[in-house]
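Analysis of the macromolecular model
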Amino acid sequence: WRVGCEGYVSSLRQYGNGSHQKYGWGGFLGDFNWTFGSFMPYVGLTLGGGAHTDLLMLGEDADHDWTPLEKSYYNKQAFFAVDPFIGCDFIVSEAFHLTLKADWLNAISKNRDSRLTGPRIYFGFIFYH
């Protein structure tokens, strides 16, 4: 069984003028894992929180720093996150693993923004020490 911390930031540019959506969140995780040869399946849960930020600039360019914008909207909402996950590492060496992970982020907030809740899939690598 393992415990640790993790954090994520995802952003999506919009309209080509500096508008964007950004999600940042992190938390504490715990998981159980098993080893079968070169494979290490795991299942776990992350508990934490984060924020969702929208910046929409309608009909304006943000080409110049410190230029006032009149048709812009900014919104930032905090949320609590419960994120169960399942995955499997392929052990390349003791210090290097390839990993495939799926999770379902459940963001709990006052406004119940459904854009923050749903499945995600990750493929990547992990360095162990």
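Here the structure is a predicted model, which means the values were calculated and not measured.

1. Description of the overall build of the protein
- Regarding its fold elements, the protein presents 0 helices and 6 strands.
- Each helix (α) and strand (β) of the protein, taken in turn from the N terminus, gives the series β-β-β-β-β-β.
- Relative to the globule expectation of 14 Å for 129 residues, the C-alpha radius of gyration of the protein, 19 Å, shows a markedly less compact shape.
- Taking the principal axes of its C-alpha atoms as reference, the protein extends roughly 60 × 30 × 20 Å.
- Per-residue burial for the protein yields a buried fraction of 31% across its 129 residues.
- Here the protein holds 10 positive side-chain charges and 13 negative ones, and the gap between their average locations is 6 Å.

2. Focus on the sheet that holds strand 3 (residues 39–57)
- Across the sheet, 6 strands lie side by side as 1-2-3-4-5-6; this open sheet has antiparallel pairing. The outermost strands of the open sheet, each flanked by one partner alone, are strand 1 (2–14) and strand 6 (118–127). Going from strand to strand, the sheet's axes swing by 25° on average, the running direction of each strand aside.
- Pairing between strand 1 and strand 2 (residues 19–33): 13 bridges, direction antiparallel. Following the sheet pairing, Glu 6 is matched in strand 2 by Gly 27.

3. Comments concerning the nonpolar core
- If you look at the biggest cluster of nonpolar residues, it comprises 7 residues: Tyr 23, Trp 25, Phe 79, Ala 81, Leu 105, Ala 107 and Leu 116.
- Every element with two or more residues in this core is listed here: strand 2, strand 4 (72–93) and strand 5 (96–108).
- Not counting residues up to four positions away in its chain, the partners in contact with Ala 107 are Phe 79, Phe 80, Leu 116 and Thr 117.

Cut-offs and rules
Residues numbered from 1 in each chain as written. Predicted model: local features only at pLDDT ≥ 70, side-chain atom pairs only at ≥ 80, totals over all residues. Heavy atoms only, no water. Helix = DSSP H or I, 4+ residues; strand = E, 2+ residues; numbered from the N terminus. Rg over C-alpha atoms; globule rule 2.2 N^0.38 Å. Buried < 20%, exposed > 50% of the residue type's maximum accessible area, 1.4 Å probe, protein only. Lys, Arg positive; Asp, Glu negative; His and termini not counted. Charge placed at Lys NZ, Arg CZ, Asp CG, Glu CD. Pairing = 2+ DSSP bridges. Axes fitted to C-alpha atoms, helices over the stretch in contact; angles between N-to-C directions. Core = buried A, V, L, I, M, F, W, Y, C linked by side-chain atoms within 4.5 Å. Contact = heavy atoms within 4.5 Å.

The quantities given are spatial measurements derived from coordinates; they are silent on function.
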